[in-house]
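Secondary and tertiary structure notes
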Amino acid sequence: MKGKDQKIFLEALDELEKEKGILKEELFETIETALLAAYKKNYGERDNVKVTINRNSGDVKVFSQKKIVEVVENPDDEISLEDAVSLKKRSKLGDILDLEINAENFKRNAIQNAKQIVVQKVRECEKRNIFNRFKEIENTIVPANVRKTDEKGNLYVDINGLEAIIPAKELSASDSFKQGDRIKVFVGEVEENTKFTKTFISRKSEELLRGLLKLEIPEIEEGIIEIKNIAREAGSRAKVAVYSNDENLDVKGACIGKNGLRIQSVIDELGGEKIDIVLWDEDIKEFVKNSLNPAQVLAVEIVEEKKEDKAFYPDAETMKHLEVYEKFDHKWTGKYSDLFLQFKMYRK
């Protein structure tokens, strides 16, 4: 490298360290490793060759490393003590002596090789940095700024400087955004791909609702109230089963909040999605009754052999509650019920 080129090269490394957060020493080591491989490719495979870059001047040097011995048997790898002392007075047997190799042609091309190596290293570091940043927010709820929606309905967002795409299939039916809108999203599993970071991001996931409830309801965040189950038709309705060991706590009241403020904040974030807070009960019959509230359930029959639970209703006014429950039932109680059919039979 010429002096001017060396100066430009070093300044470029300084800028990369500041702007990209890539350690300058890491870049030096990467370049040295790559230049060594290039030298061996052009001048022969030798284990005792070393390439160094002066950290202050940018000067590239190639060395042959030789072991100091009494009797030289392999001139390519060894040097006599007498010859070593003539080059370096304090040399002693067993030391490794670095002997500079005249490689002017190689060094002249080193700057171009170094540029290519740096570009590749920057890409690798940026890719790794993106992965690490996404990994830090894996399985969490984070704020995002809406950038645009493409012709396929995919939503492009910015998450603290990270570009991300929410596939159309992971958007709620009530999601309708414009550029600049600030929303919350669920960041799920993050995987490192060969070309890019693969990230699951959703507005449809039940985990988004779980995370929003934690953000708005301190008792859930603190573990005083436990979310036992969530069943969700994103954009339409959701049911959340909650439980607490504190018998003195109004569990539903804590979740709803004074004047409904807590649950309303969650509803607003989800575009008006209706949310039913249901008291969980280890007695499946009571749980089914709670799930159908405010409908007055006369009785619940559990048929274990068929893995069904059946409820009997007093009048047809409860049809709407039944229709909602019927959509969620298999997720909700862990059983496949015949509620809807049973209700129709009852009406007859």
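Residues numbered from 1 in each chain as written. Predicted model: local features only at pLDDT ≥ 70, side-chain atom pairs only at ≥ 80, totals over all residues. Heavy atoms only, no water.

**Notes on the sheet that holds strand β6 (residues 155–159)**
As a reminder of what qualifies: Strand pairing is assigned whenever DSSP detects at least two bridges linking the two strands. Segments assigned H or I by DSSP are reported as helices when at least four residues long, segments assigned E as strands when at least two residues long, and all are numbered from the N terminus. For helices, the axis comes from a line fit to the C-alpha atoms of the stretch in contact; other axes are also lines fit to C-alpha atoms, and the angle between any two N-to-C directions lies between 0 and 180 degrees. Whether two residues are in contact is decided by their heavy atoms: any pair within 4.5 Å suffices.
Spatially, the five strands line up as an open sheet ordered β7-β6-β5-β8-β9, and their pairing is antiparallel. What marks the edges here is a single partner per strand, and that holds for β7 (162–166) and β9 (197–202). Shown here is a sheet whose adjacent strand axes are inclined to one another by a mean of 50°, direction ignored. Bridge count between strand β5 (residues 140–149) and strand β8 (residues 182–192): six bridges; the pairing is antiparallel. Across the sheet, P143 pairs through a bridge with K184, a residue of β8. Where helix α6 (residues 206–216) meets the sheet, its contacts fall on β5, β8 and β9, and the angle it forms with β8 comes to roughly 125°.

**Considerations on the environment of G272**
As for its placement among the helices and strands, G272 is situated in the loop between α9 (261–269) and β12 (274–279). A C-alpha to C-alpha distance of 9.0 Å links G272 and R237, two positions 35 residues apart in sequence.

**A short note on the packing of aromatic side chains**
So the rule is basically this: Pairing of aromatic rings covers Phe, Tyr and Trp, the last through its six-membered ring, and needs centres within 6.5 Å; plane angles under 30 degrees mean stacked, over 60 mean edge-to-face, and all others mean tilted. Accessibility here uses a 1.4 Å probe with only protein chains present; expressed as a share of the type maximum, an area under 20% marks a residue as buried, one over 50% as exposed, and anything in between as partly exposed. For a ring to carry a charge above it, either NZ of a lysine or CZ of an arginine must fall within 6 Å of the ring centroid while also lying within 35 degrees of the normal to the ring plane.
Counted by the stated rule, this structure contains two aromatic pairs. Aromatic pair F186 and F200: ring centres 6.5 Å apart, planes at 75°, arrangement edge-to-face. On the criterion of sequence distance, the pair formed by F186 in strand β8 and F200 in strand β9 is long-range, its members being 14 residues apart. On the accessibility criterion, F186 (8% relative accessible area) is buried. Note on Y243 and W280: the rings are 5.4 Å apart at their centroids and 80° apart in plane angle, and the pair reads as edge-to-face. With Y243 in strand β11 (residues 237–243) and W280 in the loop between β12 and α10 (284–292), the pair connects residues that are 37 residues apart, well separated along the chain. In this structure, K148 packs its charged tip against the face of Y156, placed 4.8 Å from the ring centre.

**Here we look at the environment of D95**
Residue placement: D95 occurs in the loop between α3 (81–87) and β4 (96–100). A residue is classified by how much of its surface remains accessible, and D95, at 25% relative accessible area, is partly exposed. C-alpha separation for the pair D95 and A84, spaced 11 residues apart in sequence, amounts to 9.5 Å. Setting aside its immediate chain neighbours within four residues, D95 contacts K66, K67, I68 and R90.

**Here's the deal with the confidence of the model for the protein chain**
Heads up, the rule is: Each residue carries a pLDDT score, the predictor's own confidence in it, on a scale running from 0 to 100.
Across the protein chain, the average pLDDT comes to 83, with 84% of residues at or above 70. Mean pLDDT per element in the protein chain: helix α12 (residues 339–347) is the minimum at 41, and β6 is the maximum at 97. Every residue in residues 335–348 scores below 50 in pLDDT, and together they form 44 contacts with partners more than four places removed in sequence or on other chains.

**Some remarks on the nonpolar core**
Operational definition: What makes a nonpolar core is a set of buried Ala, Val, Leu, Ile, Met, Phe, Trp, Tyr and Cys residues whose side-chain atoms join them at distances within 4.5 Å.
F9, L13, I31, L35, Y39, V62 and V118 are the most contacted members of the largest nonpolar core, which totals 24 residues. Looking at this core, the elements that each hand over two or more residues are α1 (3–20), α2 (24–43), β1 (49–53), β2 (60–69) and α5 (110–136). When residues no more than four places from it in sequence are discounted, the contact partners of L13 are K24, L27, F28 and V118.

**Quick look at unusual backbone geometry**
Look at N160: it is not a glycine, yet its phi comes out positive at around 50°. Topologically, N160 is positioned in the loop between β6 and β7. Phi at N259 is positive, roughly 55°, even though this residue is not glycine. Mapped onto the fold, N259 is located in the loop between α8 (251–256) and α9. On the basis of relative accessibility, which here comes to 73%, the residue N259 falls in the exposed class.

**Digging into the pattern of salt bridges**
Defined as follows: By salt bridge we mean one thing: a side-chain nitrogen of Lys or Arg within 4 Å of a carboxyl oxygen of Asp or Glu.
Enumeration according to the criterion identifies 19 salt bridges in this entry. Put simply, D14 and K24 hold a salt bridge, and the shortest N to O gap is 2.8 Å. Of this pair, D14 sits in helix α1 while K24 sits in helix α2, placing them 10 residues apart in sequence. Judged by relative accessible area, D14 falls into the partly exposed class, the value being 28%. What makes K24 buried here is its relative accessible area of 18%.

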